[in-house]
Amino acid sequence: MSFDKTIRRLALALILILAASPFIPQWALFMLTIVGGNGLVVLGLMLFLRAGLISFGQALFYCAGAYTTGLLALKFNLTEMTLLIVASGFAGGLIAYLLGFLVARYRGIFFGLLSLAFSMILYGLLAKTEALGSTDGFNVPAVTVFGWLPESDMTRSAVLGMAFVVILISTSFVNALLKGPRGLLLTAIRDNEIRTEYMGASAKRTIHLIYVIAGVTSGFGGAIAASAVGHIDPTMSFWTTSGELIFITILGGIGNVVAPFIGALVFGIIHTIAFSYSPNTWQMVIGLSLIFVMLVLPNGLWSLHEKFRKVKA
Amino acid sequence: MLDKLLIVLIDGINYSSWLFLAAVGLTLIYGVMKIVNVAHGSFYALGAYVAASVVGVWTANDFPPMLSYLALLIAAIVAGFTVGPIIERVLLRYQYEKDEIVILLMTYAVFLVMEDLLKLVWGVDPYFIIEPFAYLGNFEFAGMTYPNYYLLMAGLAVLVGTSLMLFLKKTHFGRLLVSVIHDREVSAAMGINVGKIFVLTFGAGCALAAIAGAFTAPTISVVPGIGVEVIVLSFAVVITGGLGSLPGVALAAIIMGLVRSFCVHFIPQFELFVIFSVMALVLAFRPRGLFSLAEARKI
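Residues numbered from 1 in each chain as written. Chains lettered and ligands numbered in written order. Predicted model: local features only at pLDDT ≥ 70, side-chain atom pairs only at ≥ 80, totals over all residues. Heavy atoms only, no water.

Asker: Can you walk me through unusual backbone geometry in this structure?
Answerer: As a rule of thumb, non-glycine residues mostly have phi less than zero, and peptide bonds are mostly trans rather than cis. Backbone geometry at N77 of chain A places phi at a positive 55 degrees, although glycine is not the residue there. On the secondary structure map, N77 of chain A appears in the loop between helix 3 (59-75) and helix 4 (81-103). (Helix = DSSP H or I, 4+ residues; strand = E, 2+ residues; numbered from the N terminus.)

Right, here's the structure in full:
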């Protein structure tokens, strides 16, 4: 299996960040881990947007992943992060597979709002379950990496390293998918679904497939967030979480598998700065940047890269 | 048992009236403009905050309490009809050629900005304006006491519903609106000023949200974030009823109001998500909602 340029460069960037991690302050390591988690969810949203779909409920799988990790760690003392991530991805994928039979039949606004309904159902369930701490959620025990419980000052780097491994695997997979016939079908479905179906391709099955893939990566993202934060609560499934994830999708653009992570990084920086300087108006800063991006860079930050390349050529 | 069902019924009707008022503006805007307005909840919150200020002034000056309801109505309409059209003119009208999703995201950005603007204008401390609620007193029915405010909400919902219906069916402007709902391009070709209709519709939709907020304000504490949940609830009602359908919103609001009230009294754990479960269930069997117009397939 040969890796293409994008993946090789991403791997290089991630290794460099990891190598530099002893010199990066703890809060920045934490932010990078959250960026990685968000980026994994947005990777799925990017697939949807390629097919012209937008989900206002992707937080469902993110939250499901986080709660899978939290519950396994708390109730079954399973703290091995590799297993937790795999289990969370599996949980996200399984829920997506089951819901996909219904959701994959819908397009446009109905797809978005049906997903929203399911994520709000999970929110309602968790918020009313006292055993899981209702709206307060609960603390997730510290995780181990390959059986090793990192010292407190190494935890952040260890979790970040795990996140990077998952990111590399997920992006390689999605990248291969997008370059293959299934991935090319997504754009065809967006442009004209009826014509695509006349060619013999099934739009429903393709969308079901990307729904499951997005469910798995979102489950990974939730597991990483849960391990990094050490606390989970039902707002992870609230619609505002999905809204932020959509913002990241638009910010990064859908041109490349790395775009979601660039979007998540820029969002993380905007969010951190806006939140520390004006806690009451950070939403406004996010909203204004969203308007700015949509007016100035309708194809997201990734389109800058392509512009530069054109100039050189 | 029968008593309890009666309580469920009355609570349900109250909640249905609220759902209808909160959601009707959203369906109007979608019907005419094909915009899913995420900022809808912010207009609801705007109405609630304006109401808090109006009632504050009203009680401070000892104005006649009976007229405060009229003042609430007028203040809400003015607030919605000022801010709504500004947003439409400044931001949204440049996006109509673009994808449905782009406009949805634009209104999402407007929601984020408005949430914080409301905080900047009215602060983060809660407002309590119980006066219009308390002034009306209570009524007794089958041995139970209910606030008369319930009747006001139900009356307001019926009033808004019927006047919208009559407006669309009987007035000249209403008929122009119906023609735009059916086909924007052909209407424009026939000489209808679609731009003007869009501004007025957006303003009207926002004013309706503000009315819902203004009349809910006396029953709740007005705090930042009250619009956040209203958006998703309105979405659920509107999409269950069939996007853009007025009778659909009414029917969906009644069904959801009664189901939720039943859950609150019998299975309170289900309260929070029962509305979305009803929505998912309806969409599973009627993919475009209860009352949906047939749409031509465009190849």
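Asker: What is the right way to read the interface of chain A and chain B from this model?
Answerer: Size of an interface, as often reported, equals the accessible area lost when the parts are brought together. Counting residues at the interface gives 43 residues for chain A, matched by 43 residues for chain B. Each partner contributes to the roughly 3,900 Å² buried at the junction of chain A and chain B, and carbon and sulfur atoms together form 80% of this total. When the area that chain A buries against chain B is broken down by residue, the three leading residues are I109, F110 and W239 of chain A, summing to 17%. Where chain A touches chain B, the interface holds one salt bridge. Ionic pairing is found between K128 of chain A and E271 of chain B, a salt bridge with its closest N-O pair at 3.5 Å. Across the chain A-chain B interface, the total number found is eight residue pairs in polar contact (both at pLDDT 80 or more). For the side of chain A that touches chain B, the secondary-structure elements that each account for two or more residues are helix 5 (108-127), helix 8 (193-198), helix 10 (239-252) and helix 12 (282-296) of chain A. (Contact = heavy atoms within 4.5 Å. Buried area = accessible area lost by both parts, 1.4 Å probe. Salt bridge = Lys/Arg side-chain N within 4 Å of Asp/Glu carboxyl O. Polar contact = N/O pair within 3.5 Å; in protein donor to acceptor, adjacent residues only side chain to side chain.)

Asker: Please explain the packing of helix 3 of chain A against helix 4 of chain A as it appears in this structure.
Answerer: A pair of packed helices can be characterised by two numbers: the angle between their axes and the separation between those axes. Residue and element names in this part refer to chain A. At a minimum axis distance of 8 Å, the contact between helix 3 and helix 4 shows a crossing angle of 135 degrees. Taken together, the axes of helix 3 and helix 4 lie oblique to each other. Both helix 3 and helix 4 take part in a crossing whose hand is right-handed. Across the interface between the two elements, L60, F61, A64, G65, T68, T69, L72 and A73 of helix 3 pack against L84, A87, S88, A91, G92, I95, A96 and L99 of helix 4. Of the residues in the contact of helix 3 with helix 4, the class split is eleven nonpolar, five polar and no charged. (Axes fitted to C-alpha atoms, helices over the stretch in contact; angles between N-to-C directions. Parallel < 35°, antiparallel > 145°, perpendicular 65-115°, else oblique. Left-handed = near helix turned anticlockwise from the far one by under 90°. Nonpolar A, V, L, I, M, F, W, Y, C, P; charged D, E, K, R; others polar.)

Asker: Sorry if this is basic, but what is going on with a positive patch on the surface here?
Answerer: Residue and element names in this part refer to chain A. A contiguous patch of positive charge, built from K5, R8, R9, K307, R309 and K310, is present on the exposed surface. Elements supplying a minimum of two residues to the positive patch: helix 1 (5-20) and helix 13 (302-312). Residue placement: R309 occurs in helix 13. (Patch = residues over 30% accessible without salt bridge, like charges linked within 9 Å, V, L, I, M, F, W, Y side chains within 5 Å. Areas by Shrake-Rupley, 256 points an atom, 1.4 Å probe, with all protein chains shown as cover. Lys, Arg positive; Asp, Glu negative; His and termini not counted. Charge placed at Lys NZ, Arg CZ, Asp CG, Glu CD.)

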